[in-house]
Amino acid sequence: MRIPLIAPSVLASDFANLQQEVEMLNRSEADWIHIDIMDGRFVPNISFGLPVTEAIRRHAHKPLDVHLMIEEPERYVDDFFEAGASHITVHYEACQHLHRNIQQIKALDCKAGVALNPHTPVELLEDVIQDLDIILIMSVNPGFGGQKFIENTYKKIEQARELIADSGSSALIEVDGGVNLDNSRRLIECGADVLVAGSFVFKSDDPQGTILSLKSV
Ligand code: DX5
Ligand code: ZN
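About the thresholds
- Residues numbered from 1 in each chain as written.
- Chains lettered and ligands numbered in written order.
- Predicted model: local features only at pLDDT ≥ 70, side-chain atom pairs only at ≥ 80, totals over all residues.
- Heavy atoms only, no water.
- Helix = DSSP H or I, 4+ residues; strand = E, 2+ residues; numbered from the N terminus.
- Contact = heavy atoms within 4.5 Å.
- Buried < 20%, exposed > 50% of the residue type's maximum accessible area, 1.4 Å probe, protein only.
- Polar contact = N/O pair within 3.5 Å; in protein donor to acceptor, adjacent residues only side chain to side chain.
- 1 Å grid on protein atoms, 1.4 Å probe; cavity = no way out; pocket = protein on both sides within 12 Å on 5 of 7 lines; lining within 4 Å.
- Points joined across faces, edges and corners; volume = space filled by probe spheres on them.
- Nonpolar A, V, L, I, M, F, W, Y, C, P; charged D, E, K, R; others polar.
- Near = heavy atom within 4 Å.
- Areas by Shrake-Rupley, 256 points an atom, 1.4 Å probe, with all protein chains shown as cover.
- Sits in = over half its atoms within 2 Å of the grid points.
- Core = buried A, V, L, I, M, F, W, Y, C linked by side-chain atoms within 4.5 Å.
- Salt bridge = Lys/Arg side-chain N within 4 Å of Asp/Glu carboxyl O.

**Q** So what exactly am I meant to see when it comes to the side chain of asparagine 117 here?
**A** Inspection of the secondary structure puts asparagine 117 in the loop between β5 (111-116) and β6 (134-138). When residues no more than four places from it in sequence are discounted, the contact partners of asparagine 117 are Phe42, His91, Glu93, Met138, Pro142 and Lys156.

Laid out in structure tokens, this is it:
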């Protein structure tokens, strides 16, 4: 069984103790730190923005995996890179000019990702797959942590795996939303490389142990 990368989402962390939460992630087996940016427009919720991302960066020893759930992401890509993003993922549904948006991210020293909502077919990435470092498959509708995993995700991961193989791309497949020990094994079997987990990690009694258990399935 392949060992997945684990990207805990700080959306589910204790914001009043963010430094301790980030230090806990530094000590853990987490590979990336997932940062969910929500604008109250593309998604119905507002999370946090640049100053909080910068504050996380000051304490984090792991790459910041920034997931932009915002309209017109091109207006903020440079700023999130300056704030410490190592990866920037934009939503397919938020980009009129996706190819240009991906090039904008790649022109920085930054990995480029595209996220797909549950209703968006994987095949729509066919003409940009060569340029992608990350395909982020949403396994819930974006906007909130703690939602129920959507089963159709397994099929989409297999389709993404095929698209990557056919194109010779080296993109990683990241899965985001409702990930826990009930679905992690099958997600990896289907071809997921990176598991994002928010509530399952931060609401557990032993977040570091939970991260390790996700990595060890
Ligand atoms: C949802 C976010 C996810 C979310 C995952 O819009 O993109 O990253 O924080 O949280 P859980 O693991 O609680 O579903
Ligand atoms: Zn996310």
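**Q** Would you mind showing me how to read unusual backbone geometry here?
**A** Where the residue is not glycine, phi is negative for most of them; where a peptide bond is considered, it is trans in most cases. Positioned with a positive phi, glutamate 72 is a non-glycine residue whose angle comes to about 45°. On the secondary structure map, glutamate 72 appears in the loop between β3 (64-69) and α3 (77-82). Here glutamate 72 falls in the partly exposed class, since its relative accessible area comes to 42%.

**Q** Can you walk me through the environment of asparagine 45 in this structure?
**A** With respect to the helices and strands, the residue asparagine 45 is situated in the loop between β2 (33-38) and α2 (50-59). Excluding its chain neighbours within four sequence positions, the residues that come into contact with asparagine 45 are Met38, Asp39, Gly40, Gly143 and Phe144. A distance of 2.9 Å separates a polar atom in the side chain of asparagine 45 from the backbone oxygen of glycine 143.

**Q** What am I meant to see in the layout of surface pockets here?
**A** Remark: the empty space left among the atoms is shown by a probe the size of a water molecule rolled over them. Considering only enclosed or pocket space, the largest pocket measures out at about 280 Å³ in volume. For the lining of the largest pocket, the elements supplying multiple residues, two or more each, are β2, β8 (194-197) and α7 (199-202). Quantified by volume, the second largest pocket comes out at close to 220 Å³. For the lining of the second largest pocket, the class distribution of residues is 4 nonpolar, 4 polar and 6 charged.

**Q** Got a minute to help me understand the environment of leucine 136 in this structure?
**A** Mapping leucine 136 onto the fold places it in strand β6. Separated by 28 residues in sequence, leucine 136 and leucine 108 have C-alpha atoms that sit 20 Å apart. Those residues within four positions of leucine 136 in sequence are excluded, and the remaining contacts are His34, His67, Thr89, Val114, Ala115, Leu116, Glu174 and Asp176.

**Q** Explain the site of ligand 1 here, please?
**A** Near ligand 1, the surroundings consist of 20 residues, among which Asp36, Gly143, Asp176, Gly198 and Ser199 are the closest. Side-chain polar atom of histidine 67 to an oxygen atom of ligand 1: 3.2 Å apart, as the coordinates give it. Here glycine 198 contributes a backbone N or O atom positioned 2.8 Å from an oxygen atom of ligand 1. Protein contacts shield 98% of the accessible area of ligand 1, which totals 380 Å² for the unbound molecule. Judged by the fraction of its atoms near the pocket grid, ligand 1 is located in the largest pocket. For the shell around ligand 1, the elements supplying multiple residues, two or more each, are β2, β3 and β8. It is β2 that provides the largest number of residues to the shell around ligand 1, a total of 3 residues.

**Q** Explain the nonpolar core to me, please; I cannot follow it from the model alone.
**A** Nonpolar side chains in soluble globular proteins tend to be buried together. By size, the foremost hydrophobic cluster in this structure holds 58 residues, and its most contacted members are Ile35, Leu68, Leu125, Ile135 and Leu187. No other element matches helix α5 (residues 153-167), which puts 5 residues into this core. For leucine 125, the contacting residues outside a window of four places in its chain are Tyr92, Leu98, Val114, Leu116, Leu132, Ile135 and Leu163.

**Q** Got a minute to help me understand the pattern of salt bridges in this structure?
**A** A side chain of one charge can pair with a side chain of the opposite charge when the charged atoms of the two come close. One pass over the full model with this rule turns up 5 salt bridges. Salt-bridge contacts for arginine 2 lead to aspartate 193; the nearest nitrogen and oxygen are separated by 3.0 Å. Of this pair, arginine 2 sits in the segment before β1 (5-8) while aspartate 193 sits in the loop between α6 (184-190) and β8, and the two are 191 residues apart along the sequence. Judged by its relative accessible area of 39%, arginine 2 is partly exposed. By relative accessible area, aspartate 193 is classed as buried at 13%. For aspartate 31, the salt bridge goes to lysine 215, with nearest N and O atoms at 2.6 Å.

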